[in-house]
Amino acid sequence: MGAVAIAASLMLLAGCEMLPFGFACSAIGYSSVAIITLSDPAPGLTLELCDGAGCLPGPLEQPMEAGATVPPLQTGVLSLTGDSETGWRASMLGGQPVLGYRLTAEDGTVAAEGSIDVEWRRIDGTERCGGNAEAVVELPV
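These numbers come from a predicted model, not from an experiment. (Residues numbered from 1 in each chain as written. Predicted model: local features only at pLDDT ≥ 70, side-chain atom pairs only at ≥ 80, totals over all residues. Heavy atoms only, no water.)

**Things to note about the overall build of the protein**
Helix and strand counts for the protein stand at one helix and ten strands. For the protein, the N- to C-terminal ordering of α and β elements is α-β-β-β-β-β-β-β-β-β-β. Residues counted as buried form 30% of the 141 residues belonging to the protein. Long-range contacts, defined here as pairs at least 24 residues apart, represent 53% of the contacts in the protein between residues at least 6 apart. By element, 57% of the accessible surface of the protein is carried by carbon and sulfur atoms, the whole surface being about 8,500 Å². (Helix = DSSP H or I, 4+ residues; strand = E, 2+ residues; numbered from the N terminus. Buried < 20%, exposed > 50% of the residue type's maximum accessible area, 1.4 Å probe, protein only. Contact = heavy atoms within 4.5 Å. Areas by Shrake-Rupley, 256 points an atom, 1.4 Å probe, with all protein chains shown as cover.)

Here you go:
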């Protein structure tokens, strides 16, 4: 196999394609996953998140329903699994450098809220074309 064919094969596998004028990244949607724990794990706390500086933590991202007059809160959080004792796994649309959070007790009182800087680490793909990212976050309580 020629050198050009090998290079083209490697770029396609990495999420990029070779064009006559260079390389371009394909339109692949990457996800960001945050592994979230509490500095002092406690039972019965509910976590709400949002992805980005100045965002408002809320329920998971939902599409707008037919006939709705008010769009749902845009949190950027697609899924959130886990609990306040063992931690959570959150799947996000973007993976911004800041996460907003709110921890609520069973009686509805806010136990902690704020924003925290996040360091994302690309776990696959390429530097040029991007890839899936992961972050480990510890929230203060």
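What follows picks up the thread again.
**What about the pairing of strand E5 (residues 77-83)?**
Two elements, E5 and strand E6 (residues 87-92), share six bridges in a ladder whose sense is antiparallel. Within E6, the position partnered with Ser79 by the bridge is Ser91. (Pairing = 2+ DSSP bridges.)

**Examining the pattern of salt bridges**
Under the counting rule described, the total for this entry stands at three salt bridges. Between Arg102 and Glu48 there is a salt bridge; the shortest N-O distance is 2.6 Å. Pair noted here: Arg102 is in strand E7 (residues 98-104) and Glu48 is in strand E4 (residues 46-51), with a separation of 54 residues, a long-range link. Classification of Arg102 by relative accessible area gives partly exposed; the value is 21%. Taking the relative accessible area as the measure of exposure, Glu48 reaches 22% and is therefore partly exposed. When the shortest N-O distance is used, the salt bridge between Glu113 and Arg102 registers 3.5 Å. Of this pair, Glu113 sits in strand E8 (residues 110-117) while Arg102 is found in strand E7, placing the two residues eleven residues apart along the sequence. Among the ionic contacts, a cluster of salt bridges with common partners joins Glu48, Arg102 and Glu113. (Salt bridge = Lys/Arg side-chain N within 4 Å of Asp/Glu carboxyl O.)

**Structural notes on the sheet that holds strand E9 (residues 121-122)**
An order of E5-E6-E3-E10-E9 is seen for the five strands of this open sheet, with the pairing classed as mixed. The strands lining the two open edges of the sheet, one partner per strand, are E5 and E9. Of the pairings in the sheet, the one linking strand E3 (residues 32-38) to strand E10 (residues 133-139) comprises seven bridges and is parallel in character. Paired with Thr37 across the two strands is Glu138, which belongs to E10.

**A short note on the pairing of E6**
With five of its six residues buried, E6 lies for the most part within the structure. Count of turn residues in the E5/E6 antiparallel hairpin: three residues.

**Here we look at the sheet that holds E4**
Sheet architecture is open: three strands sit in the order E4-E7-E8, paired in antiparallel fashion. The outermost strands of the open sheet, each flanked by one partner alone, are E4 and E8. Each neighbouring strand pair of the sheet contributes to a mean axis angle of 15 degrees, computed without reference to strand direction. Examined bridge by bridge, E7 and E8 share seven bridges and lie antiparallel to one another. Of the residues in E8, the one forming a bridge with Val98 is Asp117. (Axes fitted to C-alpha atoms, helices over the stretch in contact; angles between N-to-C directions.)

**Considerations on the nonpolar core**
Grouped together as the largest cluster of nonpolar side chains are 19 residues, with contacts concentrated most on Ile36, Leu47, Leu49, Val137 and Leu139. Residues within four places of Leu47 in sequence aside, it is in contact with Ile36, Leu80, Trp88, Tyr101, Arg102, Leu103 and Leu139. (Core = buried A, V, L, I, M, F, W, Y, C linked by side-chain atoms within 4.5 Å.)

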